[in-house]
Amino acid sequence: MWLYALRRLLLTLPILFGVTVICFALVQIAPGDPIQNLLSPTASQADADRLRAAYGLDQPLPIQYFIWIGRVLTGEFGMSIANNSPVAGEVFRAFGNTIVIALISVALAFVLSMILGVVAAYRSGSLIDKVITAIAVFGISVPPFWLGVVLVIFFAVNMFWLPATGMGASGSESFSYFDWNDLKFAIMPIIALTLPPLGIMTRTTRAAVSEILSQDFIQTLRAKGLSEMSIMLHAVRNVMPAAVAMFGLQLGYLIGGSVLVETVFTWPGTGFLLNKAILTRDIPLLQGTILVLATAFVLINLLVDLIQSIIDPRIKRS
Amino acid sequence: MSDISAPALFPAAAPVHVRGYWASVWNRLRYDYVTLFCLAVIILIVLSAVFAPMLAPMDPDRSSMANRLRAIGDRGYILGTDEQGRDMLSRLLYGGRVSLAMGILPVMFATVIGGMFGVIAGFFGGKVNMLIMRTMDVFFAFPSVLLAVAISGSLGGGFTNQLITLTVVLVPPLCRVAETATSQIRSMDFVDAGRASGASSISIIVHHVLINVMSPVLVYASTLVSVSIILASGLSFLGLGVSPPTADWGLMLSTLRQSIYVQPLVSAIPGIAILITSIAFNLVSDGLRQAMDVKG
Amino acid sequence: MTDHLETAAEPTADPRDRGGPAQPMLIVDKIRKYFPIKAGLLNRTVAQVKAVDDISFYVLKGETLGVVGESGCGKSTLARLLMHLVEKDEGTMILDGDPVGEVRGVGLDALRRSMQMVFQDSYSSLNPRLPIEQSIAYGPKVQGATRRRAREQARDLLQRVGLKPQLFSQRYPHELSGGQKQRVNIARALALDPRLLILDEAVSALDKSVEAQVLNLLGDLKQQLNLTYIFISHDLHVVRYISDRVLVMYLGQVVEIGPVDAIYEDPKHPYTQALLECRLSMDPAERVETAPLSGDPPNPVNPPSGCRFHTRCPFAEDVCTATAPRLGNVLDFDSRQHLAACHMVHAGSGHSRAPRSVAAPSPGDVQ
């Protein structure tokens, strides 16, 4: 077990290295000279060179990378060009707002998809199976940001039930998920974020459960006279490791994929931050946000693998 | 997952002798009405995009301040007008060209590039495999939307940049599927038989591997078309797509977002187009997957 | 045993012959293949699977050499080593007098024309997406035949293995039965006009009735095409039926080799004896009550010291654990020679059952 954990941890290091390389490369592929953005239009060539040297930009690329990674490891992500503030603080503030709605959405999708998937597999071919399959296909096919727009049209514009955008009067500082006046701002983003993972997870659960139901040992259990309820528990227990893997993967996708939904609802998370960075072409902000999100995704996957190795005895000594 | 009902659709007493793999795939497909219907929808959408100049009632880029945000059916605007008074139907038809291209072209490029790397990695194994697949793993460390936003955000908007971005995002998953399929084929005895008759690796790849790897890769690629369309529309929604005034479903959705209080229905139209196209591609690839699951 | 099986080494005039009738078709000298096992954090090689460990033998022209052993003993690796599908670690091969893969010897291409292999698994041995005619024609095409020539050849071969080309040439593997697939497999191996055929469990997956048909076909082909066979199988009945000489393998090594009747009627090695006792007798009175071989073969990763069979051998003594018995001089090309790698047959080995006489004809030779 511990050997597996250590091994898995070591495997993560080269991935993280690769992630930093890609994030570093983002600045390189961006068109335009980063120095020009920092200079006043009247600056001379000598000024530009001095600034270039100060930022280490006159060094060869590998050296530049190590300078950059050294800064990142000490928590310094550079300065946002747009408002000249440290990127790190801004990113981590936004990250909290993103991770909470992503967690709620995935948890919702997880519970619902287990129920829907098991029911659909049990009633395979029936009307209810078809309805559930249709919901799943819709969830997979719908662009989440458009779903956001439709939700706004329906709940905010037509019905006036929920606020359209933002995080409410209290802002993100004193936002409370236990206060309806705050929570109602989060409801539509959560719905829009829940549907796509719900679709994917429902399909996977349905496929996995019906696979297990067709296996011989289930027939044996039936023949031994077990109740349908306990057979279902057997099936669910066998799907669990796969479901946990999906949970982690989808959580990661939501943390990264919330950029569009957060933009629709102007939810002040990392996605909204990314949108801001794109609009103002603030590459340091873009780079810092992507780095934090990708690292989070890698760490979530690591965590999921470790949890999986605890609940699924087959993985332990591979 | 083939349903229990699928074999029953096979006319058991039919004297048709199934010739070859693709013939048997078609034989299954032609009784799958859902897939056929979705295929028809896709063909219709493609045709309407191709013939947009003939079908569009108006110039998609001509704005008219007097006719801003007309309702559906108002004054001859069948689907209303947008916030600049441009005809929605015409823009939708023209926008389909960009959106479909963004669904299909990146998948095609990524299939060729990712498939090539995957086959090489799977066939040669060892260090080559390590190098290729570990590099792909790094890309898998990014959720796809995030990777798309990262690359596109750095490169900037525009048709070509969006194409590059989506291709880069789609290469790793296709590479992985091709690699898995290839390494399965590589361990088959007929590959050894080919080698035993003195064939070079290239010859074995061309004659024996590709023909077998093609169907799983194509089935997987077909599932990515709708992913690509949604990703592309998302990028356009963030302003990273084609530059205005060129129409594109994601961009239309983005600009109309300001108008949901005035014309909620019209504002939702581009999204419906994306949704229908994406559902159709998803269901067709589901059908293909089932039809191609022929034990050969 | 049966009339269509010719006796070994009947001299024939074959234009492809280079070394003369007395030159063995194939000589294998101390061939070895270890597979590394990687593990640990740094993926270092921690152990080796000794799949084929210094195996020597020869096959005469026109002979059928049977190779038997439990699954996992290295039979298939041996076949793939001979075909050069797996790179050997050590050892030499001499094909009709010419060393294989050396500067003055035969090249890989010539080897491939002279030696072909029939695979076991009929599911994975044929490309599921190619009509069988194309599978057969592939080899000749690779070797430079025109498309048309290769096609004609494929149709001839189909006819030869008993499949009507008009009916079968365009069929796909999934449209054939197991026996038909195996016939196609044989046809493909014959497409390059080989002289030596390695049959790796070629009939093992077939029904008994189909198996007999295919065995008869192999017998006919051998005569018509002047072939030499290395017949690998775990089925002792089939090996006895088809072989002239038999080689018994245990954990990557040869434990006994000799003429088929000598091996079956007078097995010297306790492993061979146990294997033969495992056969089910048709006579209920002769049924074996206890399993002659208990347990699984030891792990080839760390084979037992001394004689590899000592962990399962009822006669094992201290000497068996301490030193590995030698097989003797395998490569003296006397086809009546019967050798066993066991201390019990070697005089003066120190085993209590070893022959007393120190003046045995030659150590290891028990004939």
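Quick caveat, the model's predicted, so the values are computed rather than measured.

Conventions we followed
- Residues numbered from 1 in each chain as written.
- Chains lettered and ligands numbered in written order.
- Predicted model: local features only at pLDDT ≥ 70, side-chain atom pairs only at ≥ 80, totals over all residues.
- Heavy atoms only, no water.
- Contact = heavy atoms within 4.5 Å.
- Buried area = accessible area lost by both parts, 1.4 Å probe.
- Salt bridge = Lys/Arg side-chain N within 4 Å of Asp/Glu carboxyl O.
- Polar contact = N/O pair within 3.5 Å; in protein donor to acceptor, adjacent residues only side chain to side chain.
- Phe/Tyr/Trp six-rings, centres within 6.5 Å; stacked < 30°, edge-to-face > 60°.
- Helix = DSSP H or I, 4+ residues; strand = E, 2+ residues; numbered from the N terminus.
- Buried < 20%, exposed > 50% of the residue type's maximum accessible area, 1.4 Å probe, protein only.
- Lys NZ or Arg CZ within 6 Å of the ring centre and 35° of its normal.
- Pairing = 2+ DSSP bridges.
- Axes fitted to C-alpha atoms, helices over the stretch in contact; angles between N-to-C directions.
- pLDDT = per-residue confidence, 0-100.
- Core = buried A, V, L, I, M, F, W, Y, C linked by side-chain atoms within 4.5 Å.
- Domains from an automatic or database assignment.

Chemist: Describe in detail the interface of chain C and chain B, supporting the description with residues and values.
Modeler: When the parts of a complex come together, some accessible area is lost, and that lost area is often used as the size of the interface. The partner chain B presents 25 residues to the 28 residues of chain C that form the contact. Between chain C and chain B, the buried area comes to about 2300 Å², and carbon and sulfur atoms account for 57% of it. For the interface between chain C and chain B, the tally reads two salt bridges. As a salt-bridge pair, C:R80 and B:D189 come within 3.0 Å of each other at their nearest N and O atoms. There are 10 residue pairs in polar contact (both at pLDDT 80 or more) connecting chain C and chain B.

Chemist: Please provide a residue-by-residue account of the packing of aromatic side chains, values included.
Modeler: Considering all chains together, one arrives at 12 aromatic pairs over all chains under this definition. Judged by centre distance (5.8 Å) and plane angle (40 degrees), the ring pair of A:F24 and A:W68 falls under tilted. One end of the pair, A:F24, is in helix α1 (residues 2-29); the other, A:W68, is in helix α4 (residues 61-73), and 44 residues separate them in sequence. Classification of A:F24 by relative accessible area gives buried; the value is 10%. Looking at A:W68, the relative accessible area reads 13%, which means it is buried. Every member of this aromatic cluster is reached through a ring pair, and the members are A:F17, A:F24, A:Y65, A:F66 and A:W68. The residue whose ring lies beneath C:R171 is C:F168, and the NZ or CZ to ring-centre distance is 4.7 Å. Cation over ring: C:R245 sits above C:Y58, and NZ or CZ is 4.2 Å from the ring centre.

Chemist: Describe the interface of chain A and chain B, naming the residues involved and giving the relevant values.
Modeler: Chain A puts 47 residues into the contact, and the matching count from chain B is 41 residues. Together chain A and chain B conceal approximately 3700 Å² of surface at their shared face, both sides included; 78% is due to carbon and sulfur atoms. In this assembly, chain A and chain B are joined by one salt bridge. Residue A:R203 is joined to B:D286 by a salt bridge in which the shortest nitrogen-to-oxygen separation is 3.0 Å.

Chemist: How would you sum up the sheet that holds strand β8 (residues 228-232) of chain C? Please name residues and give values.
Modeler: Residue and element names in this part refer to chain C. One open sheet accounts for seven strands, arranged β6-β7-β8-β3-β9-β10-β11; its pairing is mixed. Only two strands of the sheet have a single partner each, and these edge strands are β6 (115-118) and β11 (339-340). Relative to β8, strand β3 (residues 64-68) runs parallel, the two being bridged by four bridges. Of the residues in β8, the one forming a bridge with L65 is I230. Relative to the sheet, helix α6 (residues 178-190) contacts β6 and β7 (196-200), its axis offset from that of β6 by approximately 170 degrees.

Chemist: Just give me the short version of the side chain of A:S210, but keep the residues and values in it.
Modeler: All names here are of chain A. One can find S210 in helix α8 (residues 180-213). Using a relative accessible area of 14% as the deciding quantity, one classes S210 as buried. Side-chain polar atoms of S210 contact the backbone oxygen of A207, separated by 3.2 Å.

Chemist: Break down the pairing of β7(C) for me, citing the residues and quoting the values.
Modeler: Successive residues of a regular strand alternate their side chains across the two faces of the sheet. All names here are of chain C. Within β7, five of the five residues are buried, which leaves the element mostly enclosed by the surrounding structure. What you see with β7 is no split at all: L196, I198 and D200 on one side and L197 and L199 on the other are buried throughout. Strand direction decides the pairing type here: β6 and β7, joined by four bridges, are parallel. Across the sheet, the residue bridging to M117 is I198, located in β7. Pairing between β7 and β8: five bridges, direction parallel. For I198, the partnering residue across the bridge sits in β8 and is I230.

Chemist: Can you tell me about the confidence of the model for chain C, naming the residues and giving the values?
Modeler: All names here are of chain C. The share of residues in chain C with pLDDT of 70 or more is 87%, and the mean pLDDT across the chain is 83. Within the model, the stretch residues 1-11 combines pLDDT values under 50 with 19 contacts to residues more than four positions away or in other chains. Both scores are available for the predicted complex, with the pTM at 0.83 and the ipTM at 0.82.

Chemist: Please give an account of the pattern of salt bridges that cites residues and values.
Modeler: Under the criterion given, the structure shown has 31 salt bridges over all chains. Residue A:R206 is joined to A:D129 by a salt bridge in which the shortest nitrogen-to-oxygen separation is 2.9 Å. In this pair, A:R206 is assigned in helix α8 and A:D129 in helix α6 (residues 127-141), connecting sequence segments 77 residues apart. Here the two residues A:R206 and A:D129 agree in accessibility, since each one is buried. B:D137 is paired through a salt bridge with B:R176; the nearest N and O atoms lie 2.9 Å apart. Here the residue B:D137 occupies a position in helix α6 (residues 126-140), and B:R176 occupies one in helix α8 (residues 159-186), the gap between them amounting to 39 residues. Each of B:D189, B:D192, B:R195 and C:R80 takes part in one network of salt bridges that share partners.

Chemist: Lay out the nonpolar core in plain terms, naming residues and giving numbers.
Modeler: Counting residues in hydrophobic clusters, the biggest one holds 144 residues, and the most contacted among them are A:V19, A:W68, A:L274, A:I290, B:F142 and B:V149. A per-element tally of this core places helix α10 (residues 201-237) of chain B first, with 13 residues. In this structure, this core is formed jointly by two domains, domain 1 (2-73) and domain 2 (91-311) of chain A, each of which donates at least three residues. Apart from the residues within four sequence positions on either side, A:I290 is in contact with A:C23, A:L26, A:L274, B:F142, B:L146 and B:A150. Listed in part, the 56 residues of the second largest apolar core include C:L176, C:A187, C:V260 and C:C307.

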